[in-house]
There are 2 protein chains.
Amino acid sequence: MVIRDKIFSTITDVFKRHGAVTIDTPVFELREVLTGKYGEDSKLIYDLADQGGEICSLRYDLTVPFARWLAMNPTIQSIKRYHIAKVYRRDQPAMTKGRMREFYQCDFDIAGTYDPMLPDAEILRITTEILDNLDLGNYTIKINHRKILDGLFQVCGVPIDKIRSISSAVDKLDKATWEDVRREMTEEKELDPEVADRIGGYVQKKGGRELLDELLEDENLTSNEAFASGLKDMGLLFDYLEVLHVMPKLSFDLSLARGLDYYTGIIYEVVTEASAPPAGKSAKLRRAPKSDDPDADRSSDDSIGIGSIAAGGRYDELVGMFANSAKGRVPCVGISFGVDRIFSITKARMTGEVRGNEVEVYVMAFGGKGFTGLLKERMEVCRILWDAGVKAEFMYKNKPKLPHQFAGAEKNGVPFAVVLGEDELKEGKVKIKEMGLPEGHPEKNGVDINMDGLVAQIRKRLAKKEGGAGAVGIEGNLRSVALEEKTPEV
Amino acid sequence: MVIRDKIFSTITDVFKRHGAVTIDTPVFELREVLTGKYGEDSKLIYDLADQGGEICSLRYDLTVPFARWLAMNPTIQSIKRYHIAKVYRRDQPAMTKGRMREFYQCDFDIAGTYDPMLPDAEILRITTEILDNLDLGNYTIKINHRKILDGLFQVCGVPIDKIRSISSAVDKLDKATWEDVRREMTEEKELDPEVADRIGGYVQKKGGRELLDELLEDENLTSNEAFASGLKDMGLLFDYLEVLHVMPKLSFDLSLARGLDYYTGIIYEVVTEASAPPAGKSAKLRRAPKSDDPDADRSSDDSIGIGSIAAGGRYDELVGMFANSAKGRVPCVGISFGVDRIFSITKARMTGEVRGNEVEVYVMAFGGKGFTGLLKERMEVCRILWDAGVKAEFMYKNKPKLPHQFAGAEKNGVPFAVVLGEDELKEGKVKIKEMGLPEGHPEKNGVDINMDGLVAQIRKRLAKKEGGAGAVGIEGNLRSVALEEKTPEV
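This is a predicted model, so every value here is computed, not measured.

A count of helical and extended segments in chain A gives 19 helices and 17 strands. In chain A, which comprises 490 residues, the share counted as buried stands at 58%. Put simply, 73% of the contacts in chain A that link residues at least 6 apart link residues at least 24 apart. Total accessible area computed for chain A in this model is approximately 19800 Å², and 49% of it derives from carbon and sulfur atoms.

Below, the structure is given as structure tokens:
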């Protein structure tokens, strides 16, 4: 059973609050569209069989299909879009025993040419609104800039052809010690130890605006064009994020690198206390266990980053890769939320039980000798409640026993019972009984009311109960519940 | 742009009102699970490439995966489930030029062993609630019973091996004349003309309870065991549907056959006036044009039936086909809604425009010589509105011109503008302006209010506007809007 519906609606509400619309791109893409976008993970792409027609694969994420869609629709020069959908990645066949992998991604992107850092600031504001509303506990948005990182590596003397691999080593600093990372750089990647030490002097720094000010005074760095340009962006962004009340959540982290090649500007990753890994873990654990672990957490999705619940950045060149004309080169900034990871954290934080369904009233009947079951009467009461929009259910049995009906209501935590009795019906009365009242409560045995006041009475009691449920915390919010199956367990 | 969100939420609300939960089964199924379930349409199944592991295909509908899931989870002996998701069908490759086909289905099923016809009655009640809420105009639920049809064919003297093909000929009576159908039976399918005429005497009948009573008096028919048993079910169902106020929408139609083999009890199909075909069309048009027509309506989905917007029936044996033990043989009844067809009808019925997004307030600024753009002030006002849950937007420009800002608001039909001016801000005031007021309206030029009353004033005005929008009809409901792309247009 899941709380996924609630997570989706929370996220969607925030996206809409910021003027986003949803775009639904197909689950298929031409194979060539996906080729070469995911580095060595391209082997995880699911291909469709060649049954004639064009050669297609299943989408690997939602960003590349969006970029392809934008490139093919050059009349759309600006858009705020969100998309919640499944993406597909196949684990290495030798190890998987055919296990399938599909999971949800939830993306928000702003495309268009605007004055600098404005959409970037709004994306981060949206991120805080979503995380505050999801109530996942403390979280930090780690932020860096591709140009700051590239400039830094250039200044430290990293050879051009080693920048990507050194960058990925540095990215491990959230889980590994500097000694481990330094060893990887100098031994595995044969970087000059002096260069490594120069890098080490910078990438272990993190902080807020004071770090920005510190870097601004380092003429060695600011003389590098890329670095200076990245720092200028970051300063402007911080100004905006102060107005938007996002700064307290931010950590400017020079070790954040993010794997995907297509980022061109700011990059960010959200870590919650719940999702942060134990400190000092070896860099070897940086990548999640893959298919050899049947319980591998699918949210340990490389595009989001291990231990994080959301990630993204600016990608100004990706749309252009699919475009035929200059018009199709729209710059973008976006974020992807790891719904499965958010789900795990929410579930772990939950107190109380999640209801099986949302039924508000269970309509039941009882009687003595010669009891007919009052089936049509139960149906009629349900019809009246349904007409009024009340969620109601009755037992699919001609002559049900009263204890069985109460058990049916209790099983799903239905808050109210409407009980029909032959004598009471003759007088035009039914009984409303709130479930789970303590012994001695004045209404423990229910209240007889006139049939024609039923809907009003139920509504009044539901509203009262709803108001009270607020105090229960997370449980009160979890009204939408779903069953979920992730892999064919065959 | 679509209204799909609104359709989904209407349908989901009704499902939940009846105690349903959602189950999300994977988009993949083992190929063998799908094989042999869809007759000659099996060629439309999408296969995944053999990249190692087990051989899989994409789901063709939502019913077979649900049945497979139930069979694999024998602890679940009863459930009301809904599922809204995409299914995949490949048109014939020679004709398609590689065109992909994915579309939404929206299914509701009740699984479990209950007293007869109770879940069946509730499914039809749910159907009327959904159609009434969707406001698609007049509609009819055509209903028949597999056993009535089989018994009828037996009594008329159809050879056992011809029953399915004669059944499919009869099913065409909604679009073809009896003469056409008779010709198909006797010429193409070599049925004895006398047998065909006997069938013709029955299958052109349709009506309500009076037809049931008429058939009950036909001893020729009622002496057939299957027929009598089907008729008994139908009588009980009608009793329940009277209580549930569904009867006025029902047409007991002896020509309704439904293609899929797995139905074992009642079968039904919903036709709206908007979706009904022109009368007297040739039987040759019974199947929709397939892939040779690039604009082929994808909702002309065989599992729903051409011209209908929803269809389903009872399938008591399907789950058992996947079960290892007797416990896994759960009887089911369900319905599938054709979202794409419903969407087309909704769109055609719409008056007024659909908004591009849901933004409620556009925050803008103006000034004279030396105007700074008031960017941070606009951001701050947005932040205050977002904090209050108001949907708000500002222009991503340092110094935007006022006409451009108004155009931005107008483009998406944003109902209110908040206009900042340097002098007003100094006095702690902002202007609220309702968009689109007629000349001469006392508030045409906006109202200055105190900044600290902004949220309250906006909420008051939005509530008033919302209340008024009710009268606009369908437009007032269409607050959720999406862009949709159905096929890769490459």
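By definition, the strands of a sheet pair up through backbone hydrogen bonds, in either a parallel or an antiparallel sense. Residues and elements named next belong to chain B. Strands sit in the order S13-S12-S14-S15-S16 across an open sheet of five strands; the sheet is mixed. Only two strands of the sheet have a single neighbouring strand rather than two, namely strand S13 (392-394) and strand S16 (447-450). Neighbour to neighbour, the strand axes of the sheet diverge by 30 degrees on average, direction disregarded. Where helix H16 (residues 402-411) meets the sheet, it contacts strand S12 (361-366), strand S14 (416-421) and strand S15 (429-434), and its direction lies at approximately 175 degrees from that of S12.

This part takes up the UniProt feature "binding site: L-histidine" (unreviewed entry) in chain A. Residue and element names in this part refer to chain A. Here, UniProt's "binding site: L-histidine" (unreviewed entry) annotation points to Asp61, Leu62, Thr63, Arg89, Gln105, Asp109, Arg258, Tyr262 and Tyr263. Structurally, Arg89 can be placed in the loop between strand S4 (79-88) and helix H4 (93-96). Look at Arg89 and you get buried, because its relative accessible area is 2%. Of the polar contacts made by the side chain of Arg89, one reaches the backbone oxygen of Tyr60; its length is 2.8 Å. Among the structural elements, Tyr262 can be located in the loop between strand S8 (250-253) and strand S9 (266-272). You can call Tyr262 buried: its relative accessible area is 10%. Excluding residues that lie within four positions of it along the chain, Tyr262 makes contacts with Asp61, Thr63, Arg314, Tyr315 and Leu318.

What follows concerns the relation of the copies chain B and chain A. Expressed as a screw operation, the relation of chain B to chain A combines 0.0 Å of axial shift with a rotation of 180 degrees, fitting to an RMSD of 0.0 Å. One copy is carried onto the other by what is essentially a two-fold rotation axis. Interface overlap between copies: 100% of the residues of chain B at the interface are likewise at the interface in chain A, consistent with a symmetric, same-surface contact.

Residues and elements named next belong to chain A. Taken in spatial order, the five strands line up as S13-S12-S14-S15-S16 in an open sheet, and their pairing is mixed. The sheet terminates laterally at strand S13 (392-394) and strand S16 (447-450), the two strands that pair on one side only. For this sheet, the mean inter-axis angle between neighbouring strands, taken without regard to orientation, is 30 degrees. In this structure, strand S14 (residues 416-421) lies alongside strand S15 (residues 429-434), joined through four bridges in antiparallel fashion.

For the rest of this paragraph, the subject is the environment of Phe343 of chain A. Residue and element names in this part refer to chain A. In this fold, Phe343 is placed in helix H14 (residues 339-349). We classify Phe343 as buried; its relative accessible area is 12%. Spatially, the C-alpha atoms of Phe343 and Ile7 are 7.5 Å apart, while their sequence positions differ by 336 residues.

Residues and elements named next belong to chain A. Scanning all chains against the criterion turns up 66 salt bridges over all chains. The partner of Asp47 in a salt bridge is Arg31, and the shortest N-O contact between them spans 3.1 Å. Of the two residues, Asp47 is situated in the loop between helix H2 (31-34) and strand S3 (56-58) and Arg31 in helix H2; the sequence distance between them amounts to 16 residues. In this structure Asp47 comes out as buried when scored by relative accessible area, which is 15%.

With that settled, consider the interface of chain B and chain A. Contact with chain B, which involves 87 residues of that partner, is made by 87 residues of chain A. Carbon and sulfur atoms supply 59% of the area that chain B and chain A bury against each other, a total of about 7600 Å² over both sides. When residues of chain B are sorted by the area they lose upon contact with chain A, Gln51, Trp386 and Tyr396 of chain B head the list and together hold 11% of the total. Linking chain B with chain A are 10 salt bridges. Glu393 of chain B serves as the salt-bridge partner of Lys80 of chain A, at 3.2 Å between the closest nitrogen and oxygen. Our count for the chain B to chain A interface comes out at 26 residue pairs in polar contact (both at pLDDT 80 or more). A per-element tally of the side of chain B that touches chain A places helix H15 (residues 375-387) of chain B first, with seven residues. Of the residues assigned to the side of chain B that touches chain A, the class counts are 42 nonpolar, 15 polar and 30 charged.

Cut-off values and rules
Residues numbered from 1 in each chain as written. Chains lettered and ligands numbered in written order. Predicted model: local features only at pLDDT ≥ 70, side-chain atom pairs only at ≥ 80, totals over all residues. Heavy atoms only, no water. Helix = DSSP H or I, 4+ residues; strand = E, 2+ residues; numbered from the N terminus. Buried < 20%, exposed > 50% of the residue type's maximum accessible area, 1.4 Å probe, protein only. Contact = heavy atoms within 4.5 Å. Areas by Shrake-Rupley, 256 points an atom, 1.4 Å probe, with all protein chains shown as cover. Pairing = 2+ DSSP bridges. Axes fitted to C-alpha atoms, helices over the stretch in contact; angles between N-to-C directions. UniProt positions renumbered as here; feature names shortened; annotations may be inferred. Polar contact = N/O pair within 3.5 Å; in protein donor to acceptor, adjacent residues only side chain to side chain. Least-squares fit on C-alpha atoms with pLDDT ≥ 70 in both. Salt bridge = Lys/Arg side-chain N within 4 Å of Asp/Glu carboxyl O. Buried area = accessible area lost by both parts, 1.4 Å probe. Nonpolar A, V, L, I, M, F, W, Y, C, P; charged D, E, K, R; others polar.

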